[in-house]
Amino acid sequence: MADQQSAPASAPVPAPAPAPSPAPAYVPAPAPVQASAPAVSTTEQGRYNFRAAAVVGFIVGVVDILIAARFLGKLFGASGQSAFVNFIYQVSAPLVAPFQGIFGNGGSTANSFETADLVAIVVYAVIGWGLVMLIRIISAPHGTKPATS
């Protein structure tokens, strides 16, 4: 008969496979914790009265466009007999009147470089910027610094 050879005693014996562990029981996630008071930032953007600032910006923009149209009309010698040009001159005249005479007018009567128009544009733009900043400061929440831009 055939001799069966047994495995030598010094040969390593494979370790038994670990028993599969049971699946962990379902543990519900903890509920999110809500703070009792919201965190207050020291700088808040967009919390001022945006509509009031937009209205001021719109009005200043319209005034500056009217004065710029007047400046260009005078510079290029647009005819005052045209209804549109006459309208621009009539509407913008009271806006420019406080600044007439600051600088001398150099140029002919047909084409004139009116420095009063340029001064008026700059002054009205600065006044508009100041009003917008004032609106942002006044309407900012207490304890915050309004964003600057």
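The residue numbers shown here count from 1 along each chain, following its written sequence. Per-residue local features of the predicted model are confined to residues with pLDDT of at least 70, and side-chain atom pairs are confined, for both listing and counting, to 80 or more; whole-chain, interface and lining totals are unaffected and use all residues. With hydrogens and water excluded, all non-hydrogen atoms of the structure serve as input to the side-chain values.

This brings us to the nonpolar core. Soluble, globular proteins show a tendency: their nonpolar side chains are buried together. Definition used in this section: a nonpolar core is a set of buried Ala, Val, Leu, Ile, Met, Phe, Trp, Tyr and Cys residues joined via side-chain atoms within 4.5 Å. Under the scheme applied here, a residue whose accessible area is under 20% of the maximum for its type counts as buried, over 50% as exposed, and between as partly exposed, the area being computed with a 1.4 Å probe on protein chains only. One finds Val63, Ile67, Val96, Phe99, Ala116 and Ala120 forming the largest nonpolar core, which totals 6 residues. A run of H or I in DSSP counts as a helix once it spans at least four residues, and a run of E counts as a strand once it spans at least two, with each numbered from the N terminus. The set of elements that each furnish at least two residues to this core consists of α1 (50-76) and α3 (115-138). Only heavy atoms matter for contacts: two residues are in contact if any of them lie within 4.5 Å across the pair. Those residues in contact with Val63, other than ones at most four positions away along the chain, are Leu95 and Tyr124.

This brings us to the environment of Val119. On the secondary structure map, Val119 appears in helix α3. In this structure the C-alpha to C-alpha distance between Val119 and Phe99, which are 20 residues apart in sequence, comes to 6.9 Å. Setting aside anything within four residues of it in sequence, one finds Val119 in contact with Phe99, Ile102 and Phe103.

Attention now goes to the environment of Leu72. Along the chain, Leu72 falls in helix α1. Remark: the alpha-carbon pair of Leu72 and Asp117, spanning 45 residues in sequence, is separated by 9.5 Å.

Salt bridges are defined by distance alone: a side-chain nitrogen of Lys or Arg within 4 Å of a carboxyl oxygen of Asp or Glu. In the structure shown here, the tally under the stated rule is 3 salt bridges. One salt bridge connects Asp117 with Arg70, and the closest N-O pair in it is separated by 3.4 Å. Linking Asp117 in helix α3 with Arg70 in helix α1, this pair joins segments that are 47 residues apart in sequence. Look at Asp117 and you get buried, because its relative accessible area is 0%. For Arg70, a relative accessible area of 8% corresponds to the buried category. Measuring nitrogen to oxygen at the nearest pair gives 3.9 Å for the salt bridge that ties Glu114 to Lys74.

Okay, α1 next. Along its 27 residues, α1 runs 38 Å from first to last C-alpha, staying within 8% of the 39 Å computed at 1.5 Å per residue. Burial in α1 covers these residues: Ala53, Val56, Val60, Val63, Asp64, Leu66, Ile67, Arg70, Phe71 and Gly73. Residues of α1 that are buried sit in contact with α2 (83-96), β3 (112-113) and α3. Following α1 by one or two positions, Gly77 has its phi on the positive side, about 75 degrees. Here the expected span of a helix is defined as 1.5 Å times the quantity of residues minus one.

Here we take up the packing of aromatic side chains. Two rings belonging to Phe, Tyr or Trp (six-membered ring only in the last case) form a pair when the distance between their centres is within 6.5 Å. Interplanar angles under 30 degrees mark stacking, angles over 60 mark edge-to-face geometry, and anything in between is tilted. Summed over all chains, the structure comprises 2 aromatic pairs. Aromatic pair Phe71 and Phe113: ring centres 5.3 Å apart, planes at 80 degrees, arrangement edge-to-face. Of the two residues, Phe71 is situated in helix α1 and Phe113 in strand β3; the sequence distance between them amounts to 42 residues. The buried category is assigned to Phe71, whose relative accessible area is 11%.

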